[in-house]
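# Secondary and tertiary structure notes
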Amino acid sequence: PHDPYYVVIKVKSSTISLTDCTIRRGMWHDTISLPNTPGFDVIGTIVEMGDTAREISGRFQVGDRVAALVRTGGNARYITVPISSIVRVPGSVDS
């Protein structure tokens, strides 16, 4: 990623939620320009980490399975998110 605090996730699954529908209808409380790629949340695998994200996050590494709330863009194949927005997904959770 271009930002050192970010990670790139290869998306395995994401949702279409009420939030996505509300954004599409122009009824979301924040301004989100259309067109956009829907998908408020994702589960996937870290495929790349910025230098600072790697240094400050002793908990995560490339290959880890994680989830993130991303607001928009979750239905893409890959998404770049701040390291602060991810959590580890336990092996017992199916995606």
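How each quantity is defined
Residues numbered from 1 in each chain as written. Predicted model: local features only at pLDDT ≥ 70, side-chain atom pairs only at ≥ 80, totals over all residues. Heavy atoms only, no water. Pairing = 2+ DSSP bridges. Helix = DSSP H or I, 4+ residues; strand = E, 2+ residues; numbered from the N terminus. Core = buried A, V, L, I, M, F, W, Y, C linked by side-chain atoms within 4.5 Å. Buried < 20%, exposed > 50% of the residue type's maximum accessible area, 1.4 Å probe, protein only. Contact = heavy atoms within 4.5 Å. Axes fitted to C-alpha atoms, helices over the stretch in contact; angles between N-to-C directions.

## So, the pairing of strand β2 (residues 41-49)
Two elements, strand β1 (residues 6-14) and β2, share seven bridges in a ladder whose sense is antiparallel. Each bridged residue has a counterpart across the sheet, and for V8 the counterpart in β2 is E48. Both β2 and strand β3 (residues 65-69) contribute to a ladder of five bridges, which runs antiparallel. Bridge pairing links I43 to A67 in β3.

## Quick word on the nonpolar core
Residues V7, I9 and I86 are the most contacted members of the largest nonpolar core, which totals 15 residues. The contact partners of I86, leaving out residues within four places of it in the chain, are V7, I9, I46, R59, F60, V66, A67, A68 and V81.

## What to know about the sheet that holds β2
Pairing in this open sheet of five strands is antiparallel, and the strands run β4-β1-β2-β3-β5 from one edge to the other. Looking at which strands have only one partner, the edges of the open sheet turn out to be β4 (78-82) and β5 (86-88). Taken over all neighbouring pairs, the strand axes of this sheet differ in orientation by 45 degrees on average, direction set aside.

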